[in-house]
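# Structure assessment
Each chain is listed here by its residues.
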4 protein chains.
Amino acid sequence: MTELLLRVRFAETDRMGIVHHSRWAVWLEAARVEWLRERGLSYRELEDSGVSLAVTSLALSYRAPARFDDELAVMVQLREARSRRFRFSYRVLLLPDRELLAEGETVHVPVSSTGRAIRLPPAWQERLATSHGGGN
Amino acid sequence: MTELLLRVRFAETDRMGIVHHSRWAVWLEAARVEWLRERGLSYRELEDSGVSLAVTSLALSYRAPARFDDELAVMVQLREARSRRFRFSYRVLLLPDRELLAEGETVHVPVSSTGRAIRLPPAWQERLATSHGGGN
Amino acid sequence: MTELLLRVRFAETDRMGIVHHSRWAVWLEAARVEWLRERGLSYRELEDSGVSLAVTSLALSYRAPARFDDELAVMVQLREARSRRFRFSYRVLLLPDRELLAEGETVHVPVSSTGRAIRLPPAWQERLATSHGGGN
Amino acid sequence: MTELLLRVRFAETDRMGIVHHSRWAVWLEAARVEWLRERGLSYRELEDSGVSLAVTSLALSYRAPARFDDELAVMVQLREARSRRFRFSYRVLLLPDRELLAEGETVHVPVSSTGRAIRLPPAWQERLATSHGGGN
C-alpha cells in the first residue's frame, strides 16, 4: 500500500464548487507512479525505454465531494498482476479525519511505443509479481 | 440517442502520444449536455436554478486510443431514470469509419447547491422519464 | 484570419463559476490548428514528421468571463513569420453579439523531436510567409 | 517570496513529450495560494466570504521544457498591491539544479460573486500592502 498526499488545486474545481469528476483520475495516476517509485520502479524510465502501461479501464465511485484546498490522501494497492494485465485499486480520503471520498480501480496492459501489447521487462515483472496481495 | 461530434485537441493528448484517459470523461459530459439540450433541457438553466446532477460513478473501458486531430462521435443514451438516480451510457467512435474506441457509463443524482440529494423539477422528471429506453 | 467556433464545456469552469484562466490557452491552440488546416497545413502531419511548433511565450488579457455553455468564436491571425519564429494573435468573442472577452498572443519556434531549434520544412515556410499580415 | 515544490504529473504532459504550456498557469495559481497561506491569508476563506481574485492577465515565457516526473520549485512574489489591482511574478525552476524553466506574471482584481470589482476586506488589504517589494 502506498499513500500520496496532495492538496486540491483551484483549477481542479468546477462551477458546482467541487472537484470535477474527471480530475480524480489524475490523482489516481500520480499515486500509482509513487507506488511504483516506492518499489524501485521508475515509470519515467519505463516510458523512456519504449514501454507504457496503457489504461484499459477506469472506474470511480464518488461518495462525497472534494473541495478546493482540501488535503487528501490517495491510497493505492496492486490487486492483480499477470504478465500482460495489471489491476490497481484506490481510495481517496479527506484529511485529517480520513473520511472516504471515493474509491476507484484501473486496469493496465503493457504496450510498446506503437501501441502493441507486449510483456514488461523481467525486472518489472518480478517486482510486480511480488508486490501484490495482502500487505502491499 | 444523441451524437456529439468533436475533434481531438492537442492539449488532450499526453506523452504516450494519445488522449489521456481522464479527458474522455469531459467528452461524455459534453455529449450529455447535448442530449439534454436536444430534449429541451438546458443544464445551464438547471444549475442556475440551484440544482446539479452530481456524478456518483464513472466507468470507462478503452479499446483503442484516440489521437490528436481525430474526429470522433460520442453517442449517449439514457439507460435508467428514477426520481433520484439517472444512468447514461456512452460509446466513442472514430470517424469516418465509426470504429468503437471506448464505452462508458455515468450515474447521477440531483443535488441542491449545498450538496443535499433532492428531486428534479417536475418538468425535468417528466422529460427524462419519457426519454429513456429503446429508441432514445 | 480564421475563426473557430466552440461551446464552453462544464469541465472548463472553476468554482468561481466561470472558465478557468488556464483553459483559454487550449482554445487558442485549437484555433491555431484550424488556421493551419485552412491553409493546407496539417499540424498532425508536421508532428508526425518530427517537427513541433514549441510555444515560447503566451500572453492573455481577460476582459470579461466566459461561462458554461457559452458559444464563442476564437479568431486567430499570424502576425509575424520568420524562419525560426512565429507569432499569432487571438481574440475570443462571445456569440451572438461578438462581445470581446479576451485577447491573446503566442510565440512559437520550430523544434525537432529532441527539442533542438530547427527550420520548418520549405512548404511550411512558404505557406506561412505568404499568410501573415493584412487580410489574413 | 514563497516557494512551492511539486512533481510533474503524467497528465500534465502532451504528445510532444513535455508539459503542455497551459498547465503551467495551474502551478502559478497553486504557488499563489501558498504565498497567501504563508501570510495568514486563506484564499478558500476569501472565496467563501464571496470575494475572488479574478485573473485579468496572464503572461508566461518558456525557456526550457518541463518533463514528466521532474521536481520543480515555483517561486512567487507580490510585485504590486493597489486597492483594486495586484500583480504577482513567478519563476519555475528545475530541481535539484534550479535551472530556470519559465517566468510568468499574473494580474488580479478583487471581484464579488457577481463579478463586480470591489475592494478587498481590510485585513487582506493591510497584509498585502505590507507584503510586497524587496524581501518578500
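All values derive from a computational prediction rather than experimental measurement. (Residues numbered from 1 in each chain as written. Chains lettered and ligands numbered in written order. Predicted model: local features only at pLDDT ≥ 70, side-chain atom pairs only at ≥ 80, totals over all residues. Heavy atoms only, no water.)

### Some points on the overall build of chain A
Summing up its helical and strand segments, chain A has three helices and five strands in all. Helices and strands appear in chain A in the N-to-C order β-α-α-β-β-β-β-α. Rg of the C-alpha trace for chain A: 15 Å, near the compact-globule value of 14 Å for 136 residues, within the 12% margin. Expressed as lengths along the three principal axes of its C-alpha atoms, the size of chain A is roughly 45 × 35 × 20 Å. Expressed as a percentage of the 136 residues in chain A, the buried residues total 57%. Sequence separation of at least 24 residues holds for 65% of the intrachain contacts in chain A that already meet a minimum separation of 6. Of the roughly 5600 Å² of accessible surface on chain A, a fraction of 46% belongs to carbon and sulfur atoms. (Helix = DSSP H or I, 4+ residues; strand = E, 2+ residues; numbered from the N terminus. Rg over C-alpha atoms; globule rule 2.2 N^0.38 Å. Buried < 20%, exposed > 50% of the residue type's maximum accessible area, 1.4 Å probe, protein only. Contact = heavy atoms within 4.5 Å. Areas by Shrake-Rupley, 256 points an atom, 1.4 Å probe, with all protein chains shown as cover.)

### Here's the deal with the packing of aromatic side chains
Overall, the coordinates contain 24 aromatic pairs over all chains when judged by the stated rule. A ring pair is formed by A:Trp35 and A:Phe88, whose centres lie 5.3 Å apart and whose planes are at 80 degrees; its orientation type is edge-to-face. Placement of A:Trp35 in helix H1 (residues 24–38) and of A:Phe88 in strand S4 (residues 85–94) is noted, with a sequence separation of 53 residues between them. Residue class for A:Trp35 comes out buried when judged on its relative accessible area of 0%. Note on A:Phe88: relative accessible area 2%, which makes it buried. Ring centres 5.2 Å apart and planes at 80 degrees place the aromatic pair D:Phe10 and D:Phe68 in the edge-to-face group. Here D:Phe68 lies in the loop between strand S2 (51–62) and strand S3 (71–82) and D:Phe10 lies in the loop between strand S1 (2–7) and helix H1 (24–38), a separation of 58 residues in the sequence. (Phe/Tyr/Trp six-rings, centres within 6.5 Å; stacked < 30°, edge-to-face > 60°.)

### Let's talk about the relation of the copies chain D and chain A
Overlaying chain D with chain A gives an RMSD of 0.0 Å, the required rotation being 180 degrees about an axis along which the chain moves by 0.0 Å. What the superposition gives is, in effect, a two-fold axis relating one chain to the other. Every residue of chain D has its C-alpha some distance from the rotation axis, and the shortest such distance is that of D:Leu6, at 5.0 Å. When the interface residues of chain D are mapped onto chain A, 95% of them again lie at the interface, so the same face is used by both copies. (Least-squares fit on C-alpha atoms with pLDDT ≥ 70 in both.)

### Remarks on the sheet that holds strand S1 (residues 2–7) of chain B
Read across the open sheet, the 10 strands follow the order S1(A)-S3(A)-S4(A)-S5(A)-S2(A)-S2(B)-S5(B)-S4(B)-S3(B)-S1(B); overall the sheet is antiparallel. Strands at the two margins of the open sheet, each flanked by one partner only, are strand S1 (2–7) of chain A together with S1 of chain B. The average angle at which neighbouring strand axes cross in this sheet is 25 degrees, direction not considered. (Pairing = 2+ DSSP bridges. Axes fitted to C-alpha atoms, helices over the stretch in contact; angles between N-to-C directions.)

### Quick look at H1(A)
All names here are of chain A. Between the first and last C-alpha of H1 there are 21 Å, a value that for 15 residues agrees with the 21 Å anticipated at 1.5 Å per step. Of all 15 residues that make up H1, 13 are buried, and the element is covered over most of its length. Phi for Gly 40, located one or two positions after H1, is positive at around 80 degrees. (Expected span 1.5 Å × (residues − 1).)

### Focus on the interface of chain D and chain A
Between chain D and chain A, the residue contacts involve 20 residues of the former and 19 residues of the latter. Both sides together, the interface formed by chain D and chain A hides about 1800 Å², and carbon and sulfur atoms give 53% of it. At the boundary of chain D and chain A, one finds eight salt bridges. Connecting chain D to chain A are 10 residue pairs in polar contact (both at pLDDT 80 or more). At the level of elements, S1, H1 and helix H2 (43–48) of chain D are the ones that each hand at least two residues to the side of chain D that touches chain A. Looking at the side of chain D that touches chain A residue by residue, the classes come out as nine nonpolar, no polar and 11 charged. (Buried area = accessible area lost by both parts, 1.4 Å probe. Salt bridge = Lys/Arg side-chain N within 4 Å of Asp/Glu carboxyl O. Polar contact = N/O pair within 3.5 Å; in protein donor to acceptor, adjacent residues only side chain to side chain. Nonpolar A, V, L, I, M, F, W, Y, C, P; charged D, E, K, R; others polar.)

### Some remarks on the pattern of salt bridges
In the structure shown here, the tally under the stated rule is 64 salt bridges over all chains. Close ionic contact of B:Glu29 with B:Arg32 constitutes a salt bridge, the shortest N to O distance being 3.8 Å. Taken together, the residues B:Glu29 and B:Arg32, both in helix H1 (residues 24–38) and three residues apart, mark about one turn of the helix. For the pair B:Glu29 and B:Arg32, a shared accessibility class is recorded, and that class is buried. For C:Glu80, the salt bridge identified is with C:Arg85, shortest N-O distance 2.8 Å. With relative accessibility at 14%, the residue C:Glu80 sits in the buried group. Taking the relative accessible area as the measure of exposure, C:Arg85 reaches 30% and is therefore partly exposed. Each member of the salt-bridge network shares a partner with another, and the members are A:Arg7, A:Asp69, A:Glu71, D:Glu34 and D:Arg37.

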